[in-house]
Amino acid sequence: MNGLSLLLTTFLALVIPIVMARFKVTTVPTAVAEIIVGIIMGQSALNLVTINSQLTFLSNLGVIILMFLSGMEIDFDLLKPSRTNRSRKSEAGKEVKPLLVAGLAFVGVAVFAVGLALIMKAMGLFSDVALATIIFMTVALGVVIATLKEKEILSRPIGQTVLLTAVLGEVIPLLLLTIYSSINGGDAKKLWLIVLLFAAAIFLLRRFKQPYNWFSQVTKATTQLDIRLAFFLIFALVTVAEQVGAENILGAFLAGMVMKLLEPSQATKDKLTSIGYGFFIPIFFIKTGVNLNLKLLFANPQALALLPVLVICFFLAKAPVTLVYMRYFNKRNAFAGGFLTATTITIVLPTLQVARKLKAITSTQSSAFILAAVIVCIVCPIVFNSTFKLTPADKIKEKVTILGLNTLTTTVFQDLHDSWYSVEMLTCKEENYNTYKSKIKQLQLLPDASPATIEKEDGFDTDIFVAAYHDDEINYKAALAAKRAGVKRVIARQRQAQADVVDQLRDEGIEVFAFNNVRGAMLRALIESPAVYRIITDTNNALYDVVVKNPLYTGRMLMDWDFIDEITVSRIRRGNKWISPHGSTVIEPGDELVFSGPWRDADRIHQILSQK
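Residues numbered from 1 in each chain as written. Predicted model: local features only at pLDDT ≥ 70, side-chain atom pairs only at ≥ 80, totals over all residues. Heavy atoms only, no water.

Summarise the confidence of the model for the protein chain; cite the residues concerned and give the values.
Of all residues in the protein chain, 84% have pLDDT values of 70 or greater, and the mean over the chain is 81. Within the protein chain, the element-level pLDDT minimum falls on helix H4 (residues 81-84), averaging 47, and the maximum on helix H15 (residues 319-325), averaging 94. (pLDDT = per-residue confidence, 0-100. Helix = DSSP H or I, 4+ residues; strand = E, 2+ residues; numbered from the N terminus.)

Let's hear about the packing of aromatic side chains: which residues, and what values?
Counting across every chain of the model gives 13 aromatic pairs. Taking 5.6 Å as the distance between ring centres and 85° as the angle between the ring planes, the aromatic pair formed by Phe 136 and Phe 314 counts as edge-to-face. Placement of the pair is Phe 136 in helix H6 (residues 129-137) and Phe 314 in helix H14 (residues 301-317), with a sequence separation of 178 residues. For the ring pair Phe 284 and Phe 285, a centre distance of 5.4 Å and an interplane angle of 50° mean the geometry is tilted. Note on Phe 285: relative accessible area 2%, which makes it buried. We note Arg 22 situated over the ring of Phe 23; from NZ or CZ to the ring centre the distance is 5.6 Å. (Phe/Tyr/Trp six-rings, centres within 6.5 Å; stacked < 30°, edge-to-face > 60°. Buried < 20%, exposed > 50% of the residue type's maximum accessible area, 1.4 Å probe, protein only. Lys NZ or Arg CZ within 6 Å of the ring centre and 35° of its normal.)

An account of the nonpolar core is requested, with residue identities and associated values reported.
Ranked by size, the top nonpolar core spans 132 residues in total, and within it Phe 68, Met 120, Phe 136, Leu 237 and Phe 369 carry the most contacts. A per-element tally of this core places helix H18 (residues 363-387) first, with 12 residues. When residues no more than four places from it in sequence are discounted, the contact partners of Met 120 are Leu 125, Phe 126, Phe 136, Leu 306, Val 309, Leu 310 and Cys 313. Leu 403, Leu 426, Phe 460 and Tyr 476 belong to the second-largest nonpolar core, a separate cluster that totals 22 residues. (Core = buried A, V, L, I, M, F, W, Y, C linked by side-chain atoms within 4.5 Å. Contact = heavy atoms within 4.5 Å.)

Describe the packing of helix H5 (residues 98-122) against H6, and please don't skip the residues or the numbers.
Two elements in contact, H5 and H6, have axes separated by 8 Å at closest approach and are oriented at 140°. In terms of orientation, H5 and H6 fall into the oblique class. The crossing of H5 and H6 is right-handed. Residues Phe 106, Val 109, Ala 110, Ala 113, Val 114, Leu 116, Ala 117, Leu 118, Met 120 and Lys 121 of H5 form the contact with H6, whose participating residues are Val 129, Ala 132, Thr 133, Phe 136 and Met 137. Residues belonging to the contact of H5 with H6 are distributed by class as follows: 13 nonpolar, one polar and one charged. (Axes fitted to C-alpha atoms, helices over the stretch in contact; angles between N-to-C directions. Parallel < 35°, antiparallel > 145°, perpendicular 65-115°, else oblique. Left-handed = near helix turned anticlockwise from the far one by under 90°. Nonpolar A, V, L, I, M, F, W, Y, C, P; charged D, E, K, R; others polar.)

An account of the side chain of Thr 9 is requested, with residue identities and associated values reported.
Locating Thr 9 in the fold gives a position in helix H1 (residues 2-22). Filtering out sequence-adjacent residues up to four positions away, Thr 9 remains in contact with Val 49, Leu 55, Ile 283 and Ile 286.

Tell me about the pattern of salt bridges, and name the residues and values.
Summed over all chains, the structure comprises six salt bridges. Note that Lys 477 and Glu 473 form a salt bridge whose closest N and O atoms lie 3.9 Å from each other. Placement of both Lys 477 and Glu 473 in helix H23 (residues 472-484) is noted, with a separation of four residues, approximately one turn of the helix. On the accessibility criterion, Glu 473 (42% relative accessible area) is partly exposed. One salt bridge connects Asp 591 with Arg 574, and the closest N-O pair in it is separated by 2.7 Å. Residue Asp 591 is found in the loop between strand S11 (577-579) and strand S12 (592-598), and its partner Arg 574 is found in strand S10 (residues 568-574); the two are separated by 17 residues along the sequence. A residue is classified by how much of its surface remains accessible, and Asp 591, at 2% relative accessible area, is buried. The class of Arg 574 is partly exposed, set by a relative accessible area of 24%. Residues participating in the shared-partner salt-bridge network are Arg 574, Glu 588 and Asp 591. (Salt bridge = Lys/Arg side-chain N within 4 Å of Asp/Glu carboxyl O.)

Below is the structure:
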């Protein structure tokens, strides 16, 4: 029977996403569906799956890997001062500092969570104020990221703000849970030893930062050194956590953060995600559903009365998020974003697991909390998707800011694909401004072209900054300032390119457009390869570049793509190497494809391949 339960669980893990895809169930997170199926197959209904040592072991490993992958989801770039302290304009036209707004929102959540926990104790529904506070503060980071990615607003001010709120709603409750378990487990004197856990994490990060690059180079199919390192980090920090009296899930979470800081390749991330969500984590979620005993819950009037109260509390705890968001974003999207942060499941389940181990909560109360979290996880993404409306700015994938208004830049402005880019132009010449202001809507007149002025006028609030002024010195200074302000891509035009200047710019990660070199290269192409020249200059059949992010098209051969006959793939850049493509070439996540084709087809294909 033990083997049958494991077989049935793995079969369910296989079938659930297939059924969801077949019936196009996209509003319910897969984790929630797995819990629901576990409830049906467990002691609450059919009783076909029973808990045994095999399922318990795999489930415990699943929750550890879940916390590890949650730690890997933390985007540390969002916490850099160059990004979080820099104001950006929201779709409502208001200045937004994502980290500040998220911090204010989460402070409100913490206050409301304490208040709701005290009210529940006063009503006699749940007496453990600290545990209830921790649970009400949590946010399901994984669900939030998946939902924001689907809307393609992660890089927008509201997307970054919601994401940072979710990060706080995962990290802070997890730290509080560690303190809670140390105090209630009788190990309060060991609380200071948790510092050793963080010290161990920092040591491992510093120790493996350099070797990791070497691991990536020498790894092969039969060694998979990157994956072996990941599991070493997990068990090393889990072991340290248990030795100092902390919860193993905190160790796993820190291991994920360390792995993230090592900057693993997309292929490594995909392999770790495949191992976790492909096998171990579904077992944890299904077992969670199997463990629920709804018969006892519905037979207990006091526990049954707790369920609707918990659902309401989960929503009310995140009300401050909506109130804070409404000060910075349009009310409709602020409500949707605040509602999304009420989603909670990934930290709630480990928290309840710890609470049951400490005997701080009964099995029936735990079932009520889990069922309430499941209900919230079903409702929140549905409300968000039906309420949130993309603005025209949100639909543009990248914002380009061009400094300098001249014949070259105006031609580029006209030719850039308006479905892919939102272009803003800056000039400090009033004559040029008066000439072009009727033709270029996003044209701004600056008092001067100094970096301080550009930053003051939000010129560095962009994805791509192009310094294309006639003066090389202005371009040099503006490009350096843009890079230091955290702009993702910076391009500097150099009319009279000097080797040392070009080298310095490139060392800073700035791309250099050397005008004379480009003109010479184009003339040489026309002489030596007229067909290549025609492809580059053809407005109907042009060359395009796209980084493949869509998991539906990675891990597959080019010949298996459904639209491969509509384009011609010329080259593939993988890491620092160029690959000559063949029909049997297997595309990996992060591959950069150079392809040609009619612009209408290329537009659609570019959007498909670049989706995450």
